[in-house]
Amino acid sequence: MSDVLPQARPDLTGFAPYRTQQMAADVRLQANEWADPNPAARYLSDDELEALLLNRYPTAARDLLDALARRYGVGPDQIVVGNGSNEVLLYTFLLFGGHGRKTLLFQPTYSMHARLTQTAGGSVIDELVGLPYSLPAERALAAVERHRPEIVVICSPNNPSGTLVGEDVILSVARAVPRSLVLVDEAYADFAGFTVVPRIAEHPNLVVTKTFSKARAAAGLRLGILLAHPKVADMYRGVQLPYNLSSITAAVGAKIARDDAAIRGRVERNRTERERVHAALRRVSSIEAFPSETNFILFRLRAGTTEEVHARFLRESVLLRDLSSWPGCAGCLRVSIGTPDENDRFIAALRSVFGAAVAA
Ligand SMILES: Cc1ncc(COP(=O)(O)O)c(C=O)c1O
């Protein structure tokens with residue numbers, strides 16, 4: 001066999017795959033999923049499954065779009081659906097980024113924004129906010145003025161810090177650069193009762209992404225959406241892959257999109273469990289736990305290495321996310337909020353991992 005390989009784009013040569021930590025563990029608190037089992041069988045009856053004809057391409061997901069339009073108070077023509085929000089994020093960077101164009105990120109933030117910018121051929125500008133993560137309007141505006149990016153990304157609440165970036169900050173950026181796109185990633189916004197969707201009408205350069213993977217408890221479904229001004233949504237439809245959503249995803253998604261009561265219940269349960277986990281973290285003198293509006297908590301070690309602490313949790317069969325390589329996150333780990341039993345396991349593991357540093 002010849003060892004001559006085709007040449008990839010030089011800027012993507014050696015580009016490492018996106019990796020999450022996938023070690024075996026009973027208690028998996030590394031990916032910010034909703035932890036209670038959510039079986040697909042809950043959503044489709046036998047008759048509905050019979051009616052899903054897999055020999056045909058999917059029809060336009062009318063039912064899903066209508067449910068989402070009602071839920072978010074927008075027209076169906078303002079919604080672009082994707083195979084997870086990562087797909088609509090990719091469309092964003094293909095459409096508004098690319099060669100010679102810049103994406104401004106406020107670090108630390110969700111790592112896919114940088115990866116997808118690069119995949120599309122654009123360049124990333126990192127503005128280091130650090131921890132605790134606080135982004136006042138003056139700071140955001142100064143960065144925008146300095147770099148004049150084609151895309152500004154604001155994740156609110158932000159992953160991995162767990163904190164909100166206020167609507168005032170987002171809108172002042174949108175006003176300052178009306179010819180640039182301001183992408184607001186609201187993957188965790190349900191947990192915080194936050195959204196800037198109603199402001200899209202006055203700010204056509206504002207687009208918002210949302211996911212079914214967190215408070216909607218359907219990470220395995222792979223469904224994400226982008227909400228935009230109708231003319232901007234049309235631009236997205238120009239790059240959208242044909243039939244990018246399977247018939248099954250659209251059918252299940254339409255049911256989940258109407259189930260607001262379930263979201264309210266999860267948000268409430270998450271709040272009480274998050275407070276419990278946060279209180280337990282605050283009892284550990286050798287760490288600093290940051291406040292959170294989401295279904296995860298970021299904490300920083302005052303002593304020791306993240307590798308060592310991550311491994312000690314794994315010995316208790318609790319899997320966390322080591323974020324120490326993310327910008328401004330040296331010494332940081334992130335724990336997702338799990339079921340009450342899983343959170344008990346995490347809280348019990350704190351004592352084995354941190355020993356005498358845990359207050360009684
Ligand atoms: C901020 C943020 N945006 C988007 C995503 C991706 O979501 P999806 O599963 O819809 O692709 C994640 C996943 O963790 C996330 O943290």
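Basis of the calculations
- Residues numbered from 1 in each chain as written.
- Predicted model: local features only at pLDDT ≥ 70, side-chain atom pairs only at ≥ 80, totals over all residues.
- Heavy atoms only, no water.
- Phe/Tyr/Trp six-rings, centres within 6.5 Å; stacked < 30°, edge-to-face > 60°.
- Helix = DSSP H or I, 4+ residues; strand = E, 2+ residues; numbered from the N terminus.
- Buried < 20%, exposed > 50% of the residue type's maximum accessible area, 1.4 Å probe, protein only.
- Lys NZ or Arg CZ within 6 Å of the ring centre and 35° of its normal.
- Pairing = 2+ DSSP bridges.
- Axes fitted to C-alpha atoms, helices over the stretch in contact; angles between N-to-C directions.
- Contact = heavy atoms within 4.5 Å.
- Salt bridge = Lys/Arg side-chain N within 4 Å of Asp/Glu carboxyl O.
- Near = heavy atom within 4 Å.
- Polar contact = N/O pair within 3.5 Å; in protein donor to acceptor, adjacent residues only side chain to side chain.
- Areas by Shrake-Rupley, 256 points an atom, 1.4 Å probe, with all protein chains shown as cover.
- Nonpolar A, V, L, I, M, F, W, Y, C, P; charged D, E, K, R; others polar.
- 1 Å grid on protein atoms, 1.4 Å probe; cavity = no way out; pocket = protein on both sides within 12 Å on 5 of 7 lines; lining within 4 Å.
- Points joined across faces, edges and corners; volume = space filled by probe spheres on them.
- Domains from an automatic or database assignment.

**Remarks on the packing of aromatic side chains**
Inference 1: Taken as a whole and judged by the stated rule, the model has five aromatic pairs.
Inference 2: Judged by centre distance (6.0 Å) and plane angle (50 degrees), the ring pair of phenylalanine 96 and tyrosine 236 falls under tilted. Here phenylalanine 96 is found in helix α3 (residues 85–96), whereas its partner tyrosine 236 is found in helix α8 (residues 230–239), with 140 residues between them in sequence. With respect to class, phenylalanine 96 is no different from tyrosine 236; both count as buried.
Inference 3: Ring centres of phenylalanine 313 and phenylalanine 354 lie 6.1 Å apart, and the angle between their planes is 70 degrees; this geometry places the pair in the edge-to-face category. Of the two residues, phenylalanine 313 sits in helix α11 (residues 306–315) while phenylalanine 354 sits in helix α12 (residues 340–354), which places them 41 residues apart along the sequence.
Inference 4: Following the ring pairs from residue to residue traces out a cluster consisting of Phe313, Phe346 and Phe354.
Inference 5: The positively charged end of arginine 115 is found above the aromatic ring belonging to phenylalanine 15, 4.7 Å away from the centroid.
Inference 6: Directly above the ring of phenylalanine 212 sits arginine 216, whose terminal nitrogen or CZ lies 4.9 Å from the centroid.

**Concerning the sheet that holds strand β4 (residues 123–128)**
Inference 1: If you trace the seven strands from one edge of the open sheet to the other, you get β2-β8-β7-β6-β5-β3-β4, paired in mixed fashion. Both edges of this open sheet fall to β2 (79–82) and β4, since each of them pairs with a single strand only. Ignoring which end each strand starts from, the neighbouring axes of this sheet average 20 degrees apart.
Inference 2: Where strand β6 (residues 181–185) meets strand β7 (residues 206–211), four bridges bridge the pair, whose relative direction is parallel. Within β7, the residue paired with valine 184 across the bridge is valine 208.
Inference 3: Across the face of the sheet, helix α2 (residues 62–72) comes into contact with β2, β7 and β8 (224–227) while running at roughly 125 degrees to β2.
Inference 4: The strands that α3 touches are β2, β3 (102–107), β5 (151–155), β6, β7 and β8; relative to β6, the one it contacts most, it runs at about 170 degrees.

**Section: the pattern of salt bridges**
Inference 1: A complete count under the given rule lists 19 salt bridges for this structure.
Inference 2: In this structure, the salt-bridge partner of arginine 71 is aspartate 190, at a minimum N-O distance of 3.6 Å. In this pair, arginine 71 is assigned in helix α2 and aspartate 190 in helix α7 (residues 189–192), connecting sequence segments 119 residues apart.
Inference 3: The class for arginine 71 is partly exposed, based on a relative accessible area of 27%.

**Some words on the site of the ligand**
Inference 1: In the vicinity of the ligand lie 13 residues, with Ser85, Asp185, Tyr188, Thr211 and Ser213 positioned nearest.
Inference 2: In this structure, an oxygen atom belonging to the ligand sits 2.5 Å away from a side-chain N or O atom of threonine 211.
Inference 3: Summarising the interface, the protein chains cover 92% of the accessible area of the ligand, which totals 400 Å² for the free molecule.
Inference 4: Among the residues forming the shell around the ligand, the class breakdown is four nonpolar, six polar and three charged.

**Regarding empty space enclosed by the protein**
Sizing a probe to match a water molecule and rolling it over the atoms shows the empty space that remains.
Inference 1: Applying the stated criterion to the full structure yields two cavities of 30 Å³ or more.
Inference 2: Of the volumes computed, that of the largest cavity is approximately 50 Å³.
Inference 3: What lines the largest cavity is simply Tyr72, Glu186, Ala187, Asp190, Lys210, Thr211, Phe212 and Arg216.
Inference 4: Class assignment of the residues belonging to the lining of the largest cavity gives a composition of three nonpolar, one polar and four charged.
Inference 5: As a volume, the second largest cavity reaches approximately 30 Å³.
Inference 6: Top element by residues in the lining of the second largest cavity is helix α10 (residues 260–282). It accounts for three residues.
Inference 7: Within the lining of the second largest cavity, the residues separate by chemical class into four nonpolar, no polar and three charged.
Inference 8: Both domains that furnish three or more residues to the lining of the second largest cavity are identified here as domain 1 (14–38 + 261–357) and domain 2 (42–259).

**Here's the deal with the domain arrangement of the chain**
Inference 1: When the domains of the chain are assigned, the result is domain 1 (14–38 + 261–357) and domain 2 (42–259).
Inference 2: Taking the mean C-alpha position of each, domain 1 and domain 2 sit 25 Å from one another.
Inference 3: Residue-level contacts link 32 residues of domain 1 with 33 residues of domain 2.
Inference 4: Connecting domain 1 to domain 2 are zero salt bridges.
Inference 5: Counting across the interface, domain 1 meets domain 2 through eleven residue pairs in polar contact (both at pLDDT 80 or more).
Inference 6: Breaking the side of domain 1 that touches domain 2 down by element, the ones donating at least two residues are α10, β10 (296–301) and β13 (332–336).
Inference 7: Examining the composition of the side of domain 1 that touches domain 2, we find that six residues originate from one element, α10, more than from any other.

**Description of the sheet that holds β10**
Inference 1: With antiparallel pairing, four strands are arranged side by side in an open sheet as β9-β10-β13-β12. Each having just a single partner strand, β9 (287–289) and β12 (321–322) make up the two edges of the open sheet.
Inference 2: Alignment of β12 against β13, held across two bridges, turns out to be antiparallel. Paired with arginine 321 across the strands is arginine 334, a residue of β13.
Inference 3: Contacts between α12 and the sheet are confined to β9, β10 and β13, with β10 contributing the most and set at about 5 degrees to the helix.

**So, α2**
Inference 1: Of the residues making up α2, those classed as buried are Leu64, Leu65, Ala67, Leu68, Ala69 and Tyr72.
Inference 2: Close packing links the buried residues of α2 with β2, β7, β8 and α9 (247–257).
Inference 3: A positive phi of about 65 degrees marks glycine 73, the residue just after α2.

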